[in-house]
Amino acid sequence: MSEMNPAGGAIPAAPIISFDKVNKWYGNNFHVLRDIDLTVAKGERIVICGPSGSGKSTLIRCINRLEEHQQGHLIVDGIELADDVKAIDEVRKNVGMVFQQFNLFPHLTVLENLTLSPMWVSKIPKKEAEERAMMQLTRVRIAEQAEKYPLQLSGGQQQRVAIARALCLTPKIMLFDEPTSALDPEMVKEVLDVMIELANQGITMLCVTHEMAFAKAVADRVIFMDQGQIVEQNNPHDFFSNPQNERSRDFLSKILGH
Amino acid sequence: MSATLFAPIAARPAPVNTEGLMPWIKSNLFGDWKTALSSVVIGSLLLWYVPQFLHWALLTAAWAPNAEACRAPGVGACWGVVAEKYRLIILGRYPFEEQWRPVVATVLMVALLVASCTRAFWRPWLVVLWAVVLAIFFWLMYGNALGLAKVETDRWGGLPLTILLASLSIVMAFPIALVVALGRRSNLPAIRTFCTIYVELVRGVPLISVLFMASFMFPLFMPQGLTIDVLIRVLVGITLFAAAYMAEVIRGGLQAIPKGQLEAAATLGLSYWQTQRKIVLPQALAMVVPGIMNNFISIFKDTSLVTIVSLYELTGALGLALNSDANWRPFKIEGYLFIALIYFAFCFAMSRYSLWVEKQVNKGKVR
């Protein structure tokens, strides 16, 4: 199937995520996701931006079922997400997630944070799990902190540990939910550097962020959301230089305007 | 334009010395007029009462087990009462010539408790050790096997009974409390309702009425011929009572765990029980160590209420020892001070231990 993406090129590979008319409500009245249609190709790097409350986080949290959608179909890596718990577990094995607040486990050392899931979920022997963990820590350039506790590290270091922890699952898809928003300005770069490296290694990435430089550097596609809808999607060059929708134009003028 | 160089200012010591004894006294006891006033008032009260107490308790005290000497004018505390009655106070009505048995049993039990508090013993075989020591404890106390004469549980008493009731109900109440606390946060309405009803019902009645029910009401509902020993009934009563309170303390800790921790565990693929065991409970319990130790200490002291159903633990045994003896009855206060000291030793040890545990579990928070 040669679907065309809005940038004009053929999507390089089969879709790994597809949203089909996905809708979600919080309570009875807050319609947070409205008729979301989105296909993500294997290896594609997507940046999602938009004003707060626009549903960006909810959108990516649906992909690993931290949030349930109520209407429509959502298929991740060939598995439809519905109420089937086994299917959800299967999807989560292939989807890593990085949170705005890191969500490291403060009572475990960095190394224990990383080996927890491999040892208890994938039942990998401790020694092998630790070797793998050290490899990921080296990848995010923080191997020397392995024996420390998360709260003994700086924000940027913690977020890199969180990325390494997600990578220990050897996921096919990585979700980033505003990974740099809780960081001091001086630490944003060290996290973005790691993410850029990751992006260049061919993993499928969906990233909610307002770091436009990151979007320009690595994104294949930028998605702009507002009020639960996908307003515009385009390649970063065209999105930033020539936004098509007046809502996205307005948003860009506000975040880039000074 | 060339940039200005950054010139760091060298650190200097504070202008006023804040360390040492005199500055400490100045800032903590005489910081402002209110603290100074209360320091003076409390200080003079201490100066007035402490010497009087020491005069009574030590200088003019009678130490020999001689009731006549205690009654002599000018004599202060009569510690002779302890010297005379200590076996009855500490071991209750246990047959006199068999009293080595509760002593050995208690020493074993205390050793087991101390061992259980030590890191080196936190191994799976600790459970086996408990089973073995408890078996020996009951064999020594109850006898009726391997050459020991039978001693009915209603003859048990004093410190061995206090320690047995307290340690067993603590050890059994804790896991029940964990399950109930988790149950109250369950997604399944049936489990949640059941746990809530249990907690509310138990908290709605005083421990004394629970003990009465266990001791007098419960047998009425049992089929003819089937009896459960009153000690076991009382033990179950205290356990269920303590578990309800402890469950609420633990639930407080569970609620303090940020949602993000659960989400992170979910994205890592951990199951419900793995998440509780590896992520939620270690953090929740670490937060409520002081509250749980509160529960433990109050269980220890609440065991004194079992006197009401004719089980003569430490407090009850003291009454037993002195009430029936007109010679020594006037010196009850000394007897109470003696057992207060025993209670204090155990409670203080528990509270110190709790501080150590807090330090251990908060390692990750030390920057």
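Read on for an overview of the structure. (Residues numbered from 1 in each chain as written. Chains lettered and ligands numbered in written order. Predicted model: local features only at pLDDT ≥ 70, side-chain atom pairs only at ≥ 80, totals over all residues. Heavy atoms only, no water.)

Section: the overall build of chain A
Part 1 of the argument: Along chain A, the regular secondary structure elements total 9 helices and 10 strands.
Part 2 of the argument: In terms of overall dimensions, chain A is globule-like: its C-alpha atoms have a radius of gyration of 18 Å, near the 18 Å expected for 258 residues.
Part 3 of the argument: The C-alpha extent of chain A, read off along each of the three principal axes, is 50 × 45 × 40 Å.
Part 4 of the argument: Relative to its 258 residues, chain A shows a buried fraction of 54%.
Part 5 of the argument: Here the contacts in chain A between residues at least 6 apart in sequence split such that 66% fall between residues at least 24 apart.
Part 6 of the argument: Of the roughly 11,500 Å² that chain A leaves accessible, carbon and sulfur atoms contribute 49%.
Part 7 of the argument: If the 27 positive side-chain charges of chain A are averaged to one point and the 33 negative ones to another, these points end up 2 Å apart. (Helix = DSSP H or I, 4+ residues; strand = E, 2+ residues; numbered from the N terminus. Rg over C-alpha atoms; globule rule 2.2 N^0.38 Å. Buried < 20%, exposed > 50% of the residue type's maximum accessible area, 1.4 Å probe, protein only. Contact = heavy atoms within 4.5 Å. Areas by Shrake-Rupley, 256 points an atom, 1.4 Å probe, with all protein chains shown as cover. Lys, Arg positive; Asp, Glu negative; His and termini not counted. Charge placed at Lys NZ, Arg CZ, Asp CG, Glu CD.)

Things to note about empty space enclosed by the protein
Part 1 of the argument: Applying the stated rule across the entire model yields 2 cavities of 30 Å³ or more.
Part 2 of the argument: The volume enclosed by the largest cavity comes to roughly 40 Å³.
Part 3 of the argument: Every residue along the wall of the largest cavity is listed here: G96(A), M97(A), A162(A), R165(A), A166(A), L169(A), T267(B) and L268(B).
Part 4 of the argument: Tallying contributions element by element places helix α5 (residues 155–167) of chain A first for the lining of the largest cavity, with 3 residues.
Part 5 of the argument: Tallied by class, the residues present in the lining of the largest cavity amount to 5 nonpolar, 2 polar and 1 charged.
Part 6 of the argument: Approximately 30 Å³ is the volume attributed to the second largest cavity.
Part 7 of the argument: Looking at the second largest cavity, the residues that line it are R139(A), V140(A), V194(A), E197(A), L198(A) and Q201(A). (1 Å grid on protein atoms, 1.4 Å probe; cavity = no way out; pocket = protein on both sides within 12 Å on 5 of 7 lines; lining within 4 Å. Points joined across faces, edges and corners; volume = space filled by probe spheres on them. Nonpolar A, V, L, I, M, F, W, Y, C, P; charged D, E, K, R; others polar.)

Some thoughts on the layout of surface pockets
It is the rolling of a water-molecule-sized probe over the atoms that shows where space remains empty.
All names here are of chain B.
Part 1 of the argument: The space that makes up the largest pocket amounts to roughly 2,200 Å³.
Part 2 of the argument: For the largest pocket, the lining is made up of 47 residues, of which S116, W122, F174, Y353 and V357 are closest to its centre.
Part 3 of the argument: Class assignment of the residues belonging to the lining of the largest pocket gives a composition of 36 nonpolar, 6 polar and 5 charged.
Part 4 of the argument: By volume, the second largest pocket is sized at about 1,200 Å³.

Here we look at the pattern of salt bridges
Part 1 of the argument: This structure, assessed with the given rule, holds 24 salt bridges over all chains.
Part 2 of the argument: Across the pair R247(A) and D226(A) runs a salt bridge whose closest N-O atoms are separated by 2.5 Å. One end of the pair, R247(A), is in helix α9 (residues 246–256); the other, D226(A), is in strand β9 (residues 221–226), with 21 residues separating them in the sequence.
Part 3 of the argument: Accessibility expressed as a relative area gives 26% for R247(A), which makes it partly exposed.
Part 4 of the argument: Residues joined by salt bridges that share partners form a network here, namely K24(A), R61(A), E67(A), K259(B) and E263(B). (Salt bridge = Lys/Arg side-chain N within 4 Å of Asp/Glu carboxyl O.)

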